[in-house]
Each structure stands twice: as structure tokens, then as C-alpha cells.
Amino acid sequence: MADVKLTIAGRPYDLHCEDGQESQLVELAAVVDEKARAMPGGTEVRQLLFAALMLADDAQDAKGKIEKSEPQSDSLRAAVALAESREAAAREELRAAVAREQAAFKELEAARQNAPAASPTANPSNNRALLQIADRIEALAAKVEQLP
Amino acid sequence: MELDLDESSLAIGRIERALSRIEKSLADRANRPESAAAAVPADQSALKAEVAAVIGELDRLIAEADRG
């Protein structure tokens, strides 16, 4: 196993991979990092989310073009495999973003519970915003579930 | 409309359940290779925009909570 140090969206990561695959891993990380940096000014979670969405978009575009051309050559089949691997990576990033949002919610709830003086009447507008966000995320969940 | 803590907790519970639904749906899609077929681009753009808007609103709320 080889150790690889990556930096994506400003955060360092220590990963392991099979010997000989280090350069491939570094190249893939560079693609993700480039996408993340294309959305400056946001939070790390938002940068990674946009990177995941853009990579998923790239992967789907690539796959659609390849399917239309009915690939016969080895090079085109390799491109399909690459697109699928990037799409899988993008979905993994999106799942990670969802997990981070869930963690952020837990932090928000913990902060609210640890501040009883500010709780009952403090921010009714925030409570209304939470309800509106719940409506919107439930609508998003329905849309994601209906994706083909 | 006056909301209390219980109602905000209910809202957070709804948000967590909706996020779990999204996570499960994504996991299911990842396990279906044929599902890689592209979504309609216009729908996908709208979905991206809505995700960005909701996350922006969440960021704002979390920042307010951090400020107390």
C-alpha cells in the first residue's frame, strides 16, 4: 500500500492506495480540487457539493455522448469506465455533503439546546425559516427520488 | 404564527428525515448502473439551483446560531 497526501478545497487528506496508483489518485484529486475551487467564497461543504454536482454533470454528459456514438473501440470503452468512476466519486462527494449538513444540523440543535435563555422566544423568524427549509428539503427529496 | 421549541424540533426532525431520504435515494441510484442515464438537463439545473439556495439558507441560519 502507498500513502498519498492530497489537498482538496484547502483541506489536506491522507489516503492509501495500491502501489503504482498514486499518480492516478493525485490526478483525480486535482480534478475534484479544480471543480471545488471554481466556486470560491462558499463554505467547504458547498464547494465540495458543487464539485460533486459538476463532476456528476460531466460524467452524465460524457456517458450520454458515448452512448449516442455506440462505442466500439477500447479507448471509448475506457472513457465510459472513467466517466462511471467519476460519477461514482461525485455521488460519494454528494453523500458526504449530505452527511456534513446533517452534522451541521446536529450542531445547530445542540447549540439551541445549550442556550435555554435564548430558546423559547428568541428567534421565531429562525423557527419559521426552519419550517420553510423543511418544506424545501422535503420537496428536494421528492425530486431526487423521482430522478430517472 | 407563533412557534415554540417543540415546533422547531419537529422542523429539524423533518429536515433530518428528508436528508436521509436523499441519502438513501443517492445510494440506491449508485447501486443501479443503468440509472446513470442523464436526468433532463433543465430539471437538473433547477435541482442544483434549489440545492444551492437551501444550503445558503442553512449557512445563514447556522451563522446566526453561532452568533447567538
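In case you missed it, the structure is sitting above this.
All residue numbers here refer to positions counted from 1 along the written sequence of the relevant chain. Going through the entries in the order they are written, you letter the chains from A and number the ligands from 1. Local features in this predicted model are restricted to residues whose pLDDT is 70 or higher, and side-chain atom pairs enter the listing and the counts only when it is 80 or higher, whereas totals over whole chains, interfaces and linings include all residues. Hydrogens are left out, water is left out, and the side-chain values use all remaining heavy atoms of the structure.

### Observations concerning the interface of chain A and chain B
Think of interface size as the accessible area that goes away when the parts come together; that is how it is often given.
Next up, step 1: Taken together, the contact pairs 45 residues of chain A with 47 residues of chain B.
Next up, step 2: At the boundary of chain A with chain B, total buried surface from both sides reaches about 5,000 Å², with 65% on carbon and sulfur atoms.
Next up, step 3: Salt bridge, as used here: a side-chain nitrogen of Lys or Arg that lies within 4 Å of a carboxyl oxygen of Asp or Glu. For the pair chain A and chain B, the interface holds 5 salt bridges.
Next up, step 4: Close ionic contact of glutamate 138 of chain A with arginine 14 of chain B constitutes a salt bridge, the shortest N to O distance being 2.8 Å. Note on contacts: a residue pair is in contact if any heavy atoms of the two residues lie within 4.5 Å. Once two parts are put together, the accessible area they lose, assessed with a 1.4 Å probe and summed over both, is termed the buried area.

### As for empty space enclosed by the protein
Next up, step 1: Space inside and on the surface of the protein is sampled on a 1 Å grid over the protein atoms alone, with a cavity defined as a set of points where a 1.4 Å probe fits but cannot get out and a pocket as an open set with protein on both sides within 12 Å along at least 5 of 7 lines; lining residues have an atom within 4 Å of a point. Grid points are joined across faces, edges and corners, and a volume is the space filled by probe spheres set on the points. Going through the model one piece at a time under the given rule, you end up with 1 cavity of 30 Å³ or more.
Next up, step 2: In this model, the largest cavity occupies a volume close to 510 Å³.
Next up, step 3: Taken together, 29 residues line the largest cavity, and the ones lying closest to its centre are Leu53, Leu94 and Val144 of chain A together with Leu26 and Val51 of chain B.
Next up, step 4: A run of H or I in DSSP becomes a helix once it reaches four residues, and a run of E becomes a strand once it reaches two; helices and strands are each numbered from the N terminus. Among the secondary structure elements, those contributing two or more residues to the lining of the largest cavity are helix H2 (44–68), helix H3 (74–113) and helix H4 (124–146) of chain A together with helix H1 (5–30) and helix H2 (41–67) of chain B.
Next up, step 5: Residues that form the lining of the largest cavity fall into these classes: 22 nonpolar, 2 polar and 5 charged.
Next up, step 6: The split into domains, and so the bounds of each, comes from an automatic or database assignment of domains. Counting only domains with at least three residues in the lining of the largest cavity, you end up with domain 1 (1–37) and domain 2 (39–68) of chain B. Residue type decides the class: Asp, Glu, Lys and Arg count as charged, Ala, Val, Leu, Ile, Met, Phe, Trp, Tyr, Cys and Pro as nonpolar, and the leftover types, Gly among them, as polar.

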